[in-house]
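So the chains spell out like this:
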Amino acid sequence: MRDFVRRRRISVILLLLAILVICVVAAAAVGTVYVPFADVLKICWNKLSPFNFTPTWRSVDETIILQVRLPRVIGGALVGAGLATAGVLFQGLLRNPMADPYIIGTSAGAALGATVAMLLPLSMAFLGFGMVPLLAFAGALATVFLVYYLARVGGKTPVVNMLLAGFVVSAMLTALMFLIISMSDKLYAKFHSVYAFLMGGISVAGWGQIAVIAPIIVVGILLARLWAFRLNAFALGEEGAAHVGIDVERSKTVFLALGSVLTAAAVSIGGLIGFVGLVIPHSMRLVLGPDHRALIPCSAIAGAAFLVIADTLARTLHSPGETHVGIITALIGAPVFIYLLRRGGKEYAL
Amino acid sequence: MNTIAIRMNRVTFSYSNGAVLRDVDLCVQKGEMVGLIGPNGAGKTTLIRLISGILDARQGDIQLDGMDTKKLKRSTIAREVAVVPQQFNVPFAYKVEEVVMLGRTPFMKPWHDFSAKDRDVVVRTMDTVGIGRLARRCFSELSGGERQKVVLAMALAQETALLLLDEPTAHLDISHQVEILELLADMNEKGRLTIIAAMHDLNLASAYFRRLVLLKDGAVIADGSPGQVLTSSTIASAYSVPVHIQPHPLTGVPQVVVLPSGNGHR
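Residues numbered from 1 in each chain as written. Chains lettered and ligands numbered in written order. Predicted model: local features only at pLDDT ≥ 70, side-chain atom pairs only at ≥ 80, totals over all residues.

### Here's the deal with the overall build of chain B
For step 1, the next point in the chain: Regarding its fold elements, chain B presents nine helices and twelve strands.
For step 2, the next point in the chain: Compactness check: chain B gives a C-alpha radius of gyration of 19 Å against a globular reference of 18 Å for 266 residues, within 12% of the reference.
For step 3, the next point in the chain: Along the three orthogonal principal directions, the C-alpha set of chain B runs to about 65 × 45 × 40 Å.
For step 4, the next point in the chain: Taking all 266 residues of chain B together, 43% fall into the buried category. (Helix = DSSP H or I, 4+ residues; strand = E, 2+ residues; numbered from the N terminus. Rg over C-alpha atoms; globule rule 2.2 N^0.38 Å. Buried ≥ 20, exposed ≤ 12 C-beta atoms within 10 Å, placed from the backbone.)

Next up, the structure:
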């Protein structure tokens, strides 16, 4: 690999990081109460460093920024980073451009988990999480285990089996979810909250949840980057990957687990936000090429920035009301993706 | 110093629907260039998969440079044997140099992707194979002959002592067929690379390989020089077609000429 390729990758990463920081600060500034950009920066600075600016802002603004908006914005960034990275992992592992974080049934499992949680009393909680995020997380992971188990034959887990098992299990769990909704009067009345989960929306209450989700997603992304060279070898097909020294079944299990945990953590606080995990990896691949060593960090950062923008639009477009963030991601994501595809077109073999 | 590259002892292998290889004994010395011939379904590809450790023998054992393949880790095998498979495609827009770099995977470690040495090897193998000018091209845009050379370069980038090829000249025009085989002969002679290739074209096999192994129904039925293996009786029994064998007018190696039945142009 030539040096200029490496330099270009580093400059893309730095550029994306700068965009992300600007997005986060801008997102924290806007809302029903506008706090000037400079004040947001100073409030953050005061919190992070021993040297302090004298406050020229209302203390209520500080509370809004630190206790309400920043946790939500950071939560959105984590969800975006997690989903985009999981998308890269599933597309690379399954060699399938249509793959997204939900392809092997995590979404259906999470939705069923969230639905069941809504039947439970509101007071139940663990680690600062309500039952909805907890059961969504558990449902997503349990589904992956089930799909993996069903797809396994003779010590191997063929990709085709996994896709088919994922499809069938998803269909079954979705049916089960709607059955539960239609049979429960309580849920029927609360269908709006089920719908909100399905369309996606960042729901973070304070820093406690961030403190749990952030390590999962950050460590997941770092591990994915660490093993990126193995994911590259999967481009050769499973037999080809074995020829260049990859223990295919073990690597497949590892990447599957990594992608699933990232997805489960993201949906637990974000619901089923679509499109991020499909469009961001493809967009980054168009810009940087398919080498996962660059693709993983860049997709993570771009996914974070993209979701911060989408979530900000979702909560400000018809403020004080909120739109579902999943609607925004699809509305922005699809045209951007089509533009990139038409422009990069010829060389980009989907 | 071990001089034997591969030793197979009474190797038997079957997929779920019946025996594919039966009691195969095969010994290949380091530095040999061996052509595997035989009809479709005779077990050539299976033999290559067994040697490269993709499949495990049901019975018998296979030793690579004196080591039992069943006990070796994949990354160790990948430093001993490189494989050019029959079919090969790459999703997404991988560049040629990126594909060749994948041949360095066995030497990579998580914290240390690729070194200056890996880069040198990639540049050198691309030059050896003559694809330096394609380095920045997209693999999926290349012609069949160019792709085959890229895959060969990737396999050579593994810097193994043994190279296995599954029909490296299938679907190529004669200029690419000759180019690939000349390259292999050159690597074998100068680079001391041990080569085993499954071949369909008997005349090319005869022209380029000093040793041929003829497989039929999963068993070795002839093993030796082209002159010993390519006789009208062995070919007739392996392929069930009548052929005429004649020496090449310039080089003297045996050439196989098919004998059309009454429907051919006389």
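### A few points about the overall build of chain A
For step 1, the next point in the chain: Counting its regular elements, chain A contains 15 helices and two strands.
For step 2, the next point in the chain: Against the globule reference of 20 Å for 350 residues, chain A gives a C-alpha radius of gyration of 21 Å, in line with a compact fold.
For step 3, the next point in the chain: Split into buried and exposed, the 350 residues of chain A put 50% on the buried side.

### Considering the nonpolar core
As a rule of thumb, soluble globular proteins bury nonpolar side chains together.
For step 1, the next point in the chain: Among the nonpolar cores identified, the biggest contains 191 residues, and A77(A), A305(A), V308(A), L36(B), V100(B) and A153(B) are the most heavily contacted of them.
For step 2, the next point in the chain: When residues of this core are assigned to their parent elements, the largest contribution, 16 residues, is made by helix α3 (residues 59-94) of chain A.
For step 3, the next point in the chain: Setting aside chain neighbours within four positions, we find L36(B) in contact with K44(B), L47(B), I196(B), A197(B), A198(B), M199(B), V213(B) and L215(B). (Core = buried A, V, L, I, M, F, W, Y, C linked by C-beta atoms within 7 Å. Contact = placed C-beta atoms within 7 Å.)

### Concerning the interface of chain A and chain B
For step 1, the next point in the chain: Contacts between the two partners involve 25 residues from chain A and, on the opposite side, 28 residues from chain B.
For step 2, the next point in the chain: Considering each element in turn, the side of chain A that touches chain B owes the most residues, four residues, to helix α11 (residues 237-243) of chain A.
For step 3, the next point in the chain: Residue composition of the side of chain A that touches chain B, grouped by class: 13 nonpolar, five polar and seven charged. (Nonpolar A, V, L, I, M, F, W, Y, C, P; charged D, E, K, R; others polar.)

### Some remarks on the confidence of the model for chain B
Residue and element names in this part refer to chain B.
For step 1, the next point in the chain: Scored by pLDDT, chain B comes out at a mean of 91, with 98% of its residues at no less than 70.
For step 2, the next point in the chain: Taken element by element, the predicted model of chain B shows its lowest mean pLDDT in strand β2 (residues 18-29) (88) and its highest in strand β8 (residues 194-198) (97).
For step 3, the next point in the chain: Across the assembled chains, the prediction reports ipTM 0.91 with pTM 0.91. (pLDDT = per-residue confidence, 0-100.)

### Observations regarding helix α5 (residues 144-157) of chain B
Residues and elements named next belong to chain B.
For step 1, the next point in the chain: Under the 1.5 Å per step criterion, the end-to-end length of α5 is 20 Å for 14 residues, consistent within 8% with the ideal 20 Å.
For step 2, the next point in the chain: With eleven of 14 residues buried, α5 is to be regarded as a mostly interior element.
For step 3, the next point in the chain: For α5, the set of buried residues is R147, Q148, K149, V150, V151, L152, A153, M154, A155, L156 and A157.
For step 4, the next point in the chain: Where α5 is buried, its residues contact β6 (81-84), α3 (96-101), α4 (116-129), β7 (162-166) and α6 (174-190). (Expected span 1.5 Å × (residues − 1).)

### Topic: the packing of α3(A) against helix α12 (residues 248-270) of chain A
Residue and element names in this part refer to chain A.
For step 1, the next point in the chain: Where α3 contacts α12, the axes come no closer than 8 Å and their chain directions differ by 150°. As far as their axial angle goes, α12 and α3 are roughly antiparallel. You can see that α3 and α12 cross each other, and the crossing is left-handed. For the pair α3 and α12, contact is made by G75, V79, G82, L83, T85, A86, L89, F90 and L93 and by K252, F255, L256, L258, G259, L262, T263, A265, A266, I269 and G270, respectively. (Axes fitted to C-alpha atoms, helices over the stretch in contact; angles between N-to-C directions. Parallel < 35°, antiparallel > 145°, perpendicular 65-115°, else oblique. Left-handed = near helix turned anticlockwise from the far one by under 90°.)

### A short note on the sheet that holds strand β10 (residues 219-224) of chain B
All names here are of chain B.
For step 1, the next point in the chain: What the six strands build is an open sheet, ordered β6-β7-β8-β3-β9-β10; its pairing is mixed. Unpaired on one side and paired on the other, β6 and β10 mark the two borders of the sheet. Between one strand axis and the next, the sheet turns through 15° on average, direction left out of account.
For step 2, the next point in the chain: Two elements, β6 and β7, share four bridges in a ladder whose sense is parallel. In the strand pairing of β7, V84 is matched with L165. (Pairing = 2+ DSSP bridges.)

### Topic: the pairing of β10(B)
Residues and elements named next belong to chain B.
For step 1, the next point in the chain: With five bridges connecting them, strand β9 (residues 211-216) and β10 associate as antiparallel partners. For K216, the partnering residue across the bridge sits in β10 and is A219.
For step 2, the next point in the chain: If you look at the hairpin formed by β9 and β10, you'll find two residues sitting between the two strands, and D217 has a positive phi there, around 50°.

### A word on the environment of K73(B)
For step 1, the next point in the chain: Mapped onto the fold, K73(B) is located in the loop between β5 (67-68) and α2 (74-80).
For step 2, the next point in the chain: Separated by 20 residues in sequence, K73(B) and G53(B) place their C-alpha atoms 9.5 Å apart.

### Here's the deal with unusual backbone geometry
For step 1, the next point in the chain: If you check the backbone angles, R95(A) has positive phi at about 50° while not being a glycine.
For step 2, the next point in the chain: Its location among the elements puts R95(A) in the loop between α3 and α4 (106-119).

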